Amino acid sequence: MRPARALIDLQALRHNYQLAREVTGAKALAVIKADAYGHGAVRCAQALEAQADGFAVACIEEALELRAAGIGAPILLLEGFFTADELPLIVEHDLWCVVHSLWQLDDIEQARLAKPINVWLKLDSGMHRVGLHPSDYKAAYQRLQACANVAKIVLMSHFSRADELGCGRSDEQLAVFQAARAELSAEVSLRNSPAVLGWPQVPSDWVRPGLMLYGSTPFEESQVLAERLQAVMTLESKVICVRELPVGEPVGYGAKFVTDRPMRIGVVAMGYADGYPRQAPTGTPVWVAGQRSRLLGRVSMDMLCIDLTDVPHAGLGSTVELWGKNILASEVAAHAETIPYQIFCNLKRVPRLYSGS
Ligand SMILES: *Cc1c(COP(=O)(O)O)cnc(C)c1O
């Protein structure tokens with residue numbers, strides 16, 4: 001059997017969720033959109049259900065998968081509905097719904113619903129993606145309050161630069177939010193992972209941690225709370241071939257690496273078809289036989305090469321960690337000029353093996 005696999009530590013997932021709640025004192029929606037960032041939404045929801053205040057997903061398709069698996073906790077649709085015909089399903093499956101645009105508000109007012117729904121009213125406080133304009137916010141809130149199809153309302157917004165700790169943009173966005181919600185008495189929700197970890201001054205009744213649940217840091221620099229996260233996913237495989245090369249020999253497609261001394265090369269059953277980033281260059285860290293080593297040359301579809309020259313006790317059959325408890329996904333992401341979010345979401349083909357449930 002091909003040795004490539006992703007080990008998912010559900011105990012670490014619960015630890016990270018608890019940390020989000022503990023440091024904020026808020027209720028927390030575990031964000032498990034995009035198949036829990038590649039970790040498996042149903043398994044992650046099942047592991048968290050006993051302690052979680054609720055879950056958040058991108059769309060109703062993702063929510064219905066959770067309901068079909070027997071998850072009864074609250075589920076928020078982070079983009080609300082895309083077409084009004086989802087509204088009866090939102091009622092039937094007891095989902096919470098973001099309203100980010102006036103057209104959604106119109107649709108809710110015009111619908112005939114069997115039961116009122118919970119709405120999270122989203123403000124564009126400066127990210128300029130979705131969310132109501134500040135000048136429309138209060139009137140939209142009042143329309144929702146007056147609407148028989150609406151039960152509870154939560155006020156929300158989203159930060160664009162919370163992962164930049166020295167940046168003033170989050171304070172500016174917070175000021176816009178506070179002005180727009182003045183006079184409205186409802187619970188508020190602003191914080192994603194970087195804001196949970198790095199912005200303690202932001203008020204929260206509800207927080208919305210995603211990336212940090214999976215034990216990965218959204219920050220490029222080290223950060224004190226992020227140190228307490230535990231990696232949930234370990235992507236590993238094995239050395240399937242070892243070769244000794246003299247100096248001056250090319251390794252892999254395009255001869256992107258040429259040996260600069262006599263070298264020992266390990267070939268690992270892992271490639272970009274598994275989601276390992278093809279952009280990762282020579283020097284990207286890997287973990288083999290209890291120590292750090294490095295990627296060499298181009299990543300192929302099903303294989304990649306690593307340096308075993310200074311790891312003499314490693315050989316055929318040695319386990320290689322591509323990211324996990326020893327090599328942070330954020331570190332691999334930085335080498336590949338991407339973010340840990342994408343590293344996780346790209347995972348495919350490898351079987352996921354769960355522990356700690
Ligand atoms: C995805 C998402 C989150 C989670 O963000 P992380 O940075 O992964 O914590 C929170 N809120 C909204 C609206 C989102 O779309």
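Please refer to the structure placed before this passage.
Residues numbered from 1 in each chain as written. Predicted model: local features only at pLDDT ≥ 70, side-chain atom pairs only at ≥ 80, totals over all residues. Heavy atoms only, no water.

A. Region of interest: the side chain of Ser189. Residue position: Ser189 is located in strand β8 (residues 187–191). Taking relative accessible area as the criterion, Ser189 reaches 0% and is therefore assigned buried. Side-chain polar atoms of Ser189 contact the side chain of Arg208, separated by 2.9 Å. In contact with Ser189, not counting residues within four places along its chain, are Trp120, Val154, Leu155, Met156, Ser157, Trp206 and Arg208. (Helix = DSSP H or I, 4+ residues; strand = E, 2+ residues; numbered from the N terminus. Buried < 20%, exposed > 50% of the residue type's maximum accessible area, 1.4 Å probe, protein only. Polar contact = N/O pair within 3.5 Å; in protein donor to acceptor, adjacent residues only side chain to side chain. Contact = heavy atoms within 4.5 Å.)

B. Region of interest: the pattern of salt bridges. Counted under the stated rule, the structure contains 20 salt bridges. A salt bridge links Asp274 to Arg2, with the nearest nitrogen and oxygen atoms 2.9 Å apart. You can see Asp274 sitting in the loop between β13 (263–268) and β14 (285–288) and its partner Arg2 sitting in the segment before β1 (5–9), a full 272 residues away along the chain. Asp106 serves as the salt-bridge partner of Arg143, at 2.7 Å between the closest nitrogen and oxygen. A residue pair is termed long-range when its members are at least 10 positions apart, and Arg143 in helix α7 (residues 134–146) and Asp106 in helix α6 (residues 102–110) qualify at 37 residues. You can call Arg143 partly exposed: its relative accessible area is 28%. Asp106 gets classed as partly exposed once you look at its relative accessible area, which sits at 30%. Put simply, Arg2, Asp274, Asp302 and Arg349 are held in one network by salt bridges that share partners. (Salt bridge = Lys/Arg side-chain N within 4 Å of Asp/Glu carboxyl O.)

C. Summary view of the environment of Leu155. Note that Leu155 resides in strand β7 (residues 150–157). On the basis of relative accessibility, which here comes to 0%, the residue Leu155 falls in the buried class. Taking C-alpha positions, Leu155 is 9.7 Å from Tyr137, a pair spaced 18 residues apart along the chain.

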